[in-house]
Structure formats: structure tokens, C-alpha cells
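Fold and contact review
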Amino acid sequence: MTAFRFTRAPIDVARLRSGLAEPSCGGFAAFEGWVRDHNEGERVQRLEYEAFEALAVREGERILAEAMARFGVTRAACEHRLGDLAIGEVAVWVGASAPHRHEAFLAARYIIDEVKHRVPIWKKEYYLNGDSGWVNCERCASNAGADAAAHAHHR
Amino acid sequence: MDAPLYGLVLAGGRSTRMGRDKAALRYAGRTQLERAMALLAPHVARAYVSVRRDQHADAVRARFPQIQDRLEGLGPIAGILAAQEEHPEAAWLVLACDLPLLDAATLAHLLASRDRAALASAYRSSHDGLPEPLCAIYEPRSRAALADYVARGRDCPRKFLINAGAHLLEEPNPRALDNINTPTEYGSATDTLTGTPMTQPKHLHVQYYALLREQAGRREESLHSGAADPRALYAELAARYPFTLDPQVLRVAVNAEFADWSTPLNDGDTVVFIPPVAGG
């Protein structure tokens, strides 16, 4: 079983936590990302996550291996939700266990930061006003649309 | 007084070999019909699209003034004839709508070199030396001869121009009148227009995610492409779909591993263009 996983069912935090238990470990740190009801001034109603799973699992496993090598943690894991999520649900869970707390904190922080930047996962926000948009994509998209409209009169 | 010059874009073909409507194929974001109409516009007093009767409501064609074929099953010559019958006073600048490489210079040269005393003026094909009937000017006087030719059961516009002693010109750009009939030729023309490298066509799989999936209207597809690398492939796809994401904000994966934009593509490769990610 891989330590970086996707799930379409609610994330089972207790099971993931117990999977990192280890007699030599005195410290465990976890991070949970939750679905928030607002983003950039918009009221968010729900979210949808999508991933390029084949590559995402490979890249996620690489991040976990980097964290273990870099910070000397004993175990590390990450699970990410896919599909439709409601406000308050756990979208992502990251955990790391180590002999001492310092390494566990650093590793958990590193993993979630790298996952957000490197793993091919996409989030679509559905807003209360009926709009929706892919986070980090639609801003450039709306700019491109404005450019096209500005150029249209040349035709 | 000179006869007015009107434009006619022939878009009544069945696109059988292409497998989809050639008039609707996109190059650099515009349909081929839009490109042809835009090329004509500076030279003609009026421009029409030639359609079969059953195409008049088609969305790609409906936004332009139309002339419907009066005879069925004859191909392009029916379109030229219908235009001449509708406006017998006019000379007609006729263009096929499967000439994506046609450039303004080639059209301007045709107009500048036109011989009004001949029945028609046309280019001599750079491939076989015969007249190219679907980028040509038909003078008003050609109407009776063309009607007579069709009445005798003939339908080849090229042979008509040979028989009519059309004024023939050399092409300034030997590829300008290359027409496209197959998906491979479409890919090649797209590469030429986008200035991207072209190699032997190969079979590629493309998977789409998130915003690109929505804009392509599909999760995946298999296609034949001459694109040498992902950069060329994205340019080809961006000409076909209304993609809004600039390649600079995308990453590329080939066979489920991150790759460079200049990675050579091989037959059977699966390519994914990765929009800006937003996990967590």
C-alpha cells in the first residue's frame, strides 16, 4: 500500500493516525485541510477535486520520501479527497511521526506545502451566487477572454 | 462601367475524408470559413457563402449571406453557377473553404493580374500545372459558357477553365493553394500556420483534466498528429479548442511522468497538459 493515496469517501483520520504509530516515535504532527466557506471574497458553497492520479501518486510518494530523508521522520503519509466536498469536510490529511516533535512538525509542513505546489490536483469552487471556477486557472482564463474581446474589433 | 466583383466561398462540400465539416475546422482560433470570408472582404463589394440547400441553417454558415445551390449532386460547379444566376451582372472571386494556407499576397496577386478579357483568371497548380478553379475570378461573360457546360452533363470546373482558355498565373507561394482533405493534412497545415515543427504523423493519446477537460469537451482522445513535441501538440490543439490557458502556465506529462515541452513525441505516447494545480 502506498502512503500517498486518494479517496472518494470521507477521510478516516483515526485510521490514518494509527497507521503512523510506532514504538520508537515520541512525536506525531498532523495537518488537515478543510473546506472553507469563502475564498477571495466569494461565498463558497461546495468544492470539487480532480486529479491526474497516475502522476499524482508518483509525485506524492516522492514528496513523502523527500520529507523522510530531509527531516529524519520515521513515518509519513498523505491522503487527499476527490469528487464533491461540502463545507467543513477534510480535503487533505498529512501526518508524520518521529522520535521528537521538531522533525514531525517540519515534515508535516513540508509535505503539505509541496503537495499544494507540485501534485496534479485541481479544485473547482462553486459559489453561492451560482458561479464556479477552477482555482488558479480562471483568473488567467478571464484575462485571456478580455484580450480576445479587445482584439475582436480588428477583424 | 466595370462589373462589380463579388466574393463566393464554397462551403457546400461533404468533408467525407476529413470526417467532419471542413468549413468549421479552426486555425488559430478562427473557423476556415471565417478566415476565407475575411481574406475576401478587402477585395469584393459583397461576399457570400455557397451552401447546399440543407446547410442554410448551419451555425457556422448562417452568420454570412448565403447563396444556395440550385442543382444537387454536382459539387462546387453548382455553387459557382448559382452565384452567377443570382447576380449575373457580377464577376465572381471564388474560393474553396479548404485552403488554410491561402495568404493575402496570393489573393492580391490574382486580383492584380486578372485579365478581364478572358472568361476567367486562375492560378496554374504548382503540383500538376493545371488550372486551380477554386481560387479564381469568373468574369460575367463566363456565365453562359458555364451554364452550357453544365447543361451538357459536365461538372468539372477545372476542365471548364481549360476549355474556356482561362488566363493562368504562376503561384507566388507554391503551398498557398494546398487543400486539405484528411485529419493528417489538417494537422500539417496547422503546424505550418503556427510555425511549429512537423514530423511524420503519429498516433498520440491526450488526456484532459480540469479546465482543459471542460474546454476540450472531453476527457481524452486519440489523434494523428505531426507535432514533434508537446509544444507543437498544444499549439495544434489550441487551434481546435477554445483553450484560454497560455502554455507558460501549464506543465506537461508524457506517459504519466513530467516532461519538457521539447521532449520528442513517439508513436503511442500519452500526453497530458497540466493546468495550474490547486491541491489541499
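Residues numbered from 1 in each chain as written. Chains lettered and ligands numbered in written order. Predicted model: local features only at pLDDT ≥ 70, side-chain atom pairs only at ≥ 80, totals over all residues. Heavy atoms only, no water.

Regarding the overall build of chain A
For clarity, the cut-off: By definition, any uninterrupted DSSP run of H or I lasting at least four residues is a helix, any uninterrupted run of E lasting at least two residues is a strand, and each is numbered from the N terminus. Note on classification: 1.4 Å probe, protein chains only; a residue is buried when its accessible area is under 20% of the maximum for its type, exposed when over 50%, partly exposed between these limits. Every residue pair with non-hydrogen atoms within 4.5 Å of one another is taken to be in contact. Accessibility throughout is a Shrake-Rupley quantity obtained with a 1.4 Å probe, and a residue counts as covered only by protein chains that appear here.
When helices and strands are tallied, chain A shows four helices and nine strands. Each helix and strand of chain A, placed in order from N terminus to C terminus, yields the pattern β-α-β-β-β-α-β-β-β-α-β-β-α. Looking at chain A as a whole, 44% of its 155 residues are labelled buried. Counting only contacts in chain A whose residues sit at least 6 apart along the sequence, the fraction spanning at least 24 positions is 76%. Accessible surface, chain A as shown: approximately 8300 Å² in total, 52% of it carbon and sulfur.

Concerning the environment of R154 of chain B
Residue and element names in this part refer to chain B. Note that R154 resides in the loop between α5 (142-151) and α6 (157-164). Judged by relative accessible area, R154 falls into the partly exposed class, the value being 32%. In contact with R154, not counting residues within four places along its chain, are Y149, K159 and N163.

Quick look at the interface of chain A and chain B
Quoted interface sizes are often the accessible area lost when the parts come together. The condition that has to hold: Here the quantity called buried area is the accessible surface, traced with a 1.4 Å probe, that two parts lose on coming together, added over both. Whenever a carboxyl oxygen of Asp or Glu lies within 4 Å of a side-chain nitrogen of Lys or Arg, that contact is scored as a salt bridge. Polar contact criterion, stated in full: a pair of N or O atoms within 3.5 Å, where within protein one must be able to donate a hydrogen and the other to accept it, and residues adjacent in sequence count only if both atoms are side-chain atoms.
Each partner contributes to the interface: chain A provides 30 residues, whereas chain B provides 24 residues. Buried surface at the junction of chain A and chain B, both sides included, amounts to about 2300 Å², of which 60% is carbon and sulfur. Applying the counting criterion to the chain A and chain B interface returns four salt bridges. Here E257 of chain B makes a salt bridge to R62 of chain A, at a shortest N to O gap of 2.9 Å. Linking chain A with chain B are 14 residue pairs in polar contact (both at pLDDT 80 or more), by the criterion used here. Among the elements of the structure, β4 (42-51), α2 (53-71), α3 (101-118), β8 (121-127) and α4 (138-151) of chain A are those that each provide at least two residues to the side of chain A that touches chain B. With five residues, the single largest contributor to the side of chain A that touches chain B is α2 of chain A.

Section: the layout of surface pockets
Residues and elements named next belong to chain B. Going by this rule: Points on a 1 Å grid, built from protein atoms alone, make a cavity when a 1.4 Å probe fits but cannot get out and make a pocket when they are open with protein on both sides within 12 Å along at least 5 of 7 lines; residues with an atom within 4 Å of a point are the lining residues. Grid points are joined across faces, edges and corners, and a volume is the space filled by probe spheres set on the points.
Its boundaries defined by the atoms lining it, the largest pocket holds a volume of some 890 Å³. In terms of lining residues, the largest pocket is bounded by 37 residues, among which G12, G13, R14, G75 and P76 are the most central. With four residues, strand β8 (residues 131-138) is the single largest residue contributor to the lining of the largest pocket.

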